Amino acid sequence: MRVLIVEDEPLLGSAVRDRVRQVGHAADWFTTLEEARAALEVAIYDILLLDLGLPDGSGRQLLKAVRRSGSTMAILIMTAQDQISDRIAGLSEGADDYVVKPFDLGELIARIEAVARRYAPLPGPCVRIGAVEIDLSRQSLRRDDNEIELTAREWAVIELLARRPGAICSRERMEEALYGFGEEIESNAIEVFISRVRKKTGPGLIHTVRGRGYRLAGSGQS
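Computed from a predicted model, the values in this text were never measured in an experiment.

The rules behind these values
- Residues numbered from 1 in each chain as written.
- Predicted model: local features only at pLDDT ≥ 70, side-chain atom pairs only at ≥ 80, totals over all residues.
- Heavy atoms only, no water.
- Pairing = 2+ DSSP bridges.
- Helix = DSSP H or I, 4+ residues; strand = E, 2+ residues; numbered from the N terminus.
- Axes fitted to C-alpha atoms, helices over the stretch in contact; angles between N-to-C directions.
- Contact = heavy atoms within 4.5 Å.
- Buried < 20%, exposed > 50% of the residue type's maximum accessible area, 1.4 Å probe, protein only.
- Arc of directions from axis to C-beta.
- Polar contact = N/O pair within 3.5 Å; in protein donor to acceptor, adjacent residues only side chain to side chain.

With respect to topology, five strands assemble into an open sheet ordered S2-S1-S3-S6-S7, the strand pairing being parallel. The sheet terminates laterally at strand S2 (26–30) and strand S7 (97–101), the two strands that pair on one side only. Averaged over neighbouring strand pairs, the angle between their axes works out to 20° when direction is ignored. Seen against the sheet, helix H2 (residues 33–42) touches strand S1 (2–6) and S2 and runs at an angle of roughly 160° to S1.

Here the focus is unusual backbone geometry. Residue Pro-102 is bonded to the preceding Lys-101 through a cis peptide linkage, with omega at -10°. On the secondary structure map, Pro-102 appears in the loop between S7 and helix H5 (105–119). Here the phi dihedral of Asp-144 falls at roughly 55°; this positive angle occurs in a residue that is not glycine. With respect to the helices, strands and loops of the structure, Asp-144 is situated in the loop between strand S10 (140–143) and strand S11 (146–147).

Counting through the fold element by element, Gly-211 comes out in the loop between strand S12 (206–209) and strand S13 (213–216). Gly-211 sits 41 residues away from Ser-170 along the chain, and the two C-alpha atoms are 8.8 Å apart.

Looking now at helix H3 (residues 59–68). Where H3 is concerned, the buried positions are Gly-59, Leu-62, Leu-63, Val-66 and Arg-67. Buried residues of H3, viewed axially, fall in a sector of 130°; they line one side. Its side-chain oxygen 3.1 Å from the backbone nitrogen of Arg-60, Ser-58 forms the N-cap of H3. With its phi angle positive at about 90°, Gly-70 sits one or two positions after the end of H3.

Right under this line is the structure:
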């Protein structure tokens, strides 16, 4: 997933960005409403993590604008303990959930995954392709009942494909999901990740659809 973080506290904002990236998602962090609006004009995000008290206005302004635009992006509010009225207003204006500062980063990641599931329900508890079992809820991959260790971005590649079995995922979509603004992307980065996953899982799991992208084996025509 690609996550937009809008938070003006430097230590918190950088910590959230780093943790989101650590678990395999792309993350962009900005400190003002103006920067966030500009980012939304040029990139497609799956989740917005939104502070309410920003230097150039209330995060609720951005929340309302996003919902008026018809966007179905998941929105999670990050708010101080004493902002109960703002939390209530945010939820009524279209936010999906909130976390109260100070919060545990592990809890934040769990809430991100929870709201993501509401917008993109898992195709099933597990996706099975031959001897390979992909468990999206537990973020694990097994072949012949043996656990296969994947890096965060290798798992992100598998998850992108497994959440839409049979659908083709383009190289550009993978780059958007794996990298945020400012992150250096090698020209063959996606091909490298695909190659690494194939070495770990065997060559038959991911098919290349020439000129279009990649899909999981077992459906459609390669």
